[in-house]
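Each chain, written out:
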Protein chains: 2
Amino acid sequence: MLSASPEKSLSDRIYRQLREDIIAGRLLAGAKLKLEGLMQDYSVGMSPLREALARLIGDRMVVTEAQRGFWVAPLSIEELNDITRVRTLLETEAISASITHGDAQWMARVTQTFTELAEIEAQLPRTAESLPAHLLETWEQKNRAFHAALVSAAGSPITIRFRDQLYQQSERYRRVSLAVSRGWRSVSDEHLAIYEAVRDRNVLRACKMTEIHLTRTAEEVRKAFAQLEATERSSA
Amino acid sequence: MLSASPEKSLSDRIYRQLREDIIAGRLLAGAKLKLEGLMQDYSVGMSPLREALARLIGDRMVVTEAQRGFWVAPLSIEELNDITRVRTLLETEAISASITHGDAQWMARVTQTFTELAEIEAQLPRTAESLPAHLLETWEQKNRAFHAALVSAAGSPITIRFRDQLYQQSERYRRVSLAVSRGWRSVSDEHLAIYEAVRDRNVLRACKMTEIHLTRTAEEVRKAFAQLEATERSSA
DNA sequence: TGTCAATATAATTTCGAAATTTTTGTGCGG
DNA sequence: CCGCACAAAAATTTCGAAATTATATTGACA
């Protein structure tokens, strides 16, 4: 989909690497980001590292306190709720506009990404326990591509940008959730419902299905967090 | 309103200074930002300067191209239209939520900021020609405070953050517009209409008046830009 | 034993210059 | 006169270390 990343500068490369590592949970929420350590781990100097962190602050992936350093942005149920609310607003708006203005090429892109996503989801096991990492990565990529395709004809770069930012933040929550989750619920059915509504250019139904999809996903995350907290309490 | 900026680090100070200078138009849209020159002008070293620029990229105040440097983000009618559309969406959503959830303290803040804004607007001359710079600065501050107060009880940090970003971008356009504008139109009346609707907790009317206000402001900017282009063509 | 000040340690922030890359300028050949 | 290779200049990007600030440790005193 996207052309191979430019990564013309070290600063750019580190920015993307850090972002991926935070989203994937390899850098844990709330963890202190020690500059010395990061320089070693990512093999860069101070300057590009700090530039990358400055950009991640804008993405809300990193938080900072003057003279005290950087931390991976913490996760909270309150933030999850806010992300879900605003993302629903932007995503339904963008899908409406896409359905209204999208041409045949857009629809082909939607169909293509949906087909690829459905193919992966057919292979998913019932429980997350046995999920190989490479399958999860592939699913994440296909899921992102499908949702991106849906809104891609909105004709509003700003809506797209804000939505992308919220999508990335959501992904952090979803990954934590999947690590303790009991399964894949009816995600596949929800994607199908969205796809069919969009294919039929049924704006109202597409929005409703999208809202349901995002709400249910958030609900899963809340459950996983509750379970996680219970585990922590019992081990303490 | 806001407490005195922390500015605990040089990087922070430069970030704010550059942002203000871009918004106020002291750094012109599209201008090349030469690092050597900025280091001189703002009396800082390379590191904090580049960190500040990295953050401004996230705010869409600066654009960059790897190995080629930084520029003040350009202005365009297309972007103005997009900003206005998305800002209307977020601002009406936030005002609705504020009216629904806002308490007496919130309403007091709205009344206070409106009163202060109305006071300034009563002093505004009919034409922008004779407007002293300090009055413009005061108006900008009061206008920002009023619009911020309106949405401040929305209970959605993310909506507020996105709205703030779009407000800042809008301000750039508005300042260019005022530099060639013929007057202050009925801004004061529009603010009054919004205030009264909010005071009466009339959600629908508050949203409608907000939409009208933002749409008319954008229209003024478009006119100013058209006039500016005409001037440029005749002088070329 | 607990608290506070003084000191040592560790971490962040900033500077200045070296290394890369792009841009500009120059001269040669077609 | 135009285009192209090549060298010079200018600008960006990166490194490494000095300066500054926060944190931890120690020891004295109540």
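Residues numbered from 1 in each chain as written. Chains lettered and ligands numbered in written order. Predicted model: local features only at pLDDT ≥ 70, side-chain atom pairs only at ≥ 80, totals over all residues. Heavy atoms only, no water.

### Some details on the relation of the copies chain A and chain B
With an axial shift of 0.0 Å and an RMSD of 0.0 Å, the rotation relating chain A to chain B amounts to 180°. In short, the pair behaves as if placed about a two-fold rotation axis. (Least-squares fit on C-alpha atoms with pLDDT ≥ 70 in both.)

### A few points about the protein's contact with DNA strand C
For DNA strand C, the set of nearby residues contains 22 residues, the closest of which are A:Arg50, A:Gln67, B:Leu10, B:Gly45 and B:Arg68. If you look at DNA strand C and keep only atoms within 4 Å of the protein, 83% of those are sugar or phosphate atoms. Within the side chain of B:Arg68, an N or O atom sits 2.4 Å from a phosphate oxygen of DNA strand C. Those elements giving two or more residues to the surface near DNA strand C turn out to be β1 (32-33), α3 (46-58) and β3 (69-72) of chain A together with α1 (10-23) and α3 (46-58) of chain B. (Near = heavy atom within 4 Å. Polar contact = N/O pair within 3.5 Å; in protein donor to acceptor, adjacent residues only side chain to side chain. Helix = DSSP H or I, 4+ residues; strand = E, 2+ residues; numbered from the N terminus.)

### Some details on the domain arrangement of chain A
All names here are of chain A. We note that the domain assignment places domain 1 (10-72) and domain 2 (77-235) within chain A. The C-alpha centroid of domain 2 is placed 26 Å from the C-alpha centroid of domain 1. If you look at the interface, domain 1 gives 10 residues, while domain 2 gives 6 residues. Overall, the association of domain 1 and domain 2 removes approximately 750 Å² of surface from exposure, summing both partners, and the carbon and sulfur fraction of that is 51%. (Domains from an automatic or database assignment. Contact = heavy atoms within 4.5 Å. Buried area = accessible area lost by both parts, 1.4 Å probe.)

### With respect to the protein's contact with DNA strand D
Taken together, 22 residues are adjacent to DNA strand D, and A:Leu10, A:Gly45, A:Arg68, B:Arg50 and B:Gln67 come closest. Taking all atoms of DNA strand D within 4 Å of the protein, the share assigned to sugar and phosphate is 83%. A:Leu10 places a main-chain nitrogen or oxygen 2.3 Å from a phosphate oxygen of DNA strand D. In the environment of DNA strand D, a phosphate oxygen lies 2.4 Å from a nitrogen or oxygen atom belonging to the side chain of A:Arg68. When contributions to the surface near DNA strand D are tallied by element, the ones reaching two or more residues are α1 (10-23) and α3 of chain A together with β1 (32-33), α3 and β3 (69-72) of chain B. Looking at side-chain class alone, the surface near DNA strand D contains 8 nonpolar, 7 polar and 7 charged residues. (Nonpolar A, V, L, I, M, F, W, Y, C, P; charged D, E, K, R; others polar.)

### Examining the interface of chain A and chain B
Counting from both sides, the interface comprises 27 residues of chain A and, opposite them, 27 residues of chain B. The tally of links between chain A and chain B comes to 2 salt bridges. A salt bridge links A:Glu51 to B:Arg50; the nearest nitrogen and oxygen atoms lie 2.6 Å apart. On the surface where chain A and chain B come into contact, there are 12 residue pairs in polar contact (both at pLDDT 80 or more). Those elements giving two or more residues to the side of chain A that touches chain B turn out to be α3, α4 (77-101) and α7 (157-180) of chain A. Ranked by the residues each element gives to the side of chain A that touches chain B, the list is headed by α7(A), at 8 residues. Along the lines of polarity and charge, the residues of the side of chain A that touches chain B split into 10 nonpolar, 8 polar and 9 charged. (Salt bridge = Lys/Arg side-chain N within 4 Å of Asp/Glu carboxyl O.)

### A closer look at the packing of aromatic side chains
The relation between two aromatic rings is expressed through the spacing of the ring centres and the mutual angle of the planes. This model, assessed by the stated rule, comprises 7 aromatic pairs over all chains. Ring geometry for A:Phe114 against A:Tyr195: centres 4.3 Å apart, planes inclined by 5°, an arrangement best described as stacked. Of this pair, A:Phe114 sits in helix α5 (residues 104-123) while A:Tyr195 sits in helix α8 (residues 187-199), and the two are 81 residues apart along the sequence. For the pair shown, A:Phe114 and A:Tyr195 are each scored as buried. Between B:Phe114 and B:Phe146, the aromatic rings sit 5.6 Å apart at their centres with planes inclined by 55°, giving tilted as the arrangement. You can see B:Phe114 sitting in helix α5 (residues 104-123) and its partner B:Phe146 sitting in helix α6 (residues 133-151), a full 32 residues away along the chain. The class of B:Phe114 is buried, set by a relative accessible area of 11%. Here a set of aromatic residues connected by ring pairs shows up, and it is made of A:Phe114, A:Phe146 and A:Tyr195. (Phe/Tyr/Trp six-rings, centres within 6.5 Å; stacked < 30°, edge-to-face > 60°. Buried < 20%, exposed > 50% of the residue type's maximum accessible area, 1.4 Å probe, protein only.)

### What to know about the pairing of β3(B)
Residues and elements named next belong to chain B. The alternating pattern of β3 places Gly69 and Trp71 on one face and Phe70 and Val72 on the opposite face, and all of these are buried. Two strands pair when backbone bridges link them, and β1 and β3 are joined in this way by 2 bridges, in the antiparallel orientation. Of the residues in β3, the one forming a bridge with Lys32 is Trp71. The pairing of strand β2 (residues 62-65) with β3 spans 4 bridges and is classified as antiparallel. Within β3, the residue paired with Thr64 across the bridge is Phe70. In textbook terms, the turn of a hairpin is the stretch between consecutive antiparallel strands, and for β2 and β3 this stretch comprises 3 residues, one of which, Gln67, has a positive phi near 70°. (Pairing = 2+ DSSP bridges.)

### Some details on the packing of helix α4 (residues 77-101) of chain B against α6(B)
All names here are of chain B. It is the contact of α4 with α6, at a shortest axis distance of 7 Å, that shows an interaxial angle of 60°. Regarding the angle of α4 to α6, the classification is oblique. Here Arg87, Glu91, Ala94, Ile95 and Ser98 of α4 lie close against α6, whose contacting residues are His147, Leu150 and Val151. Of the residues belonging to the contact of α4 with α6, the class tally is 4 nonpolar, 2 polar and 2 charged. (Axes fitted to C-alpha atoms, helices over the stretch in contact; angles between N-to-C directions. Parallel < 35°, antiparallel > 145°, perpendicular 65-115°, else oblique.)

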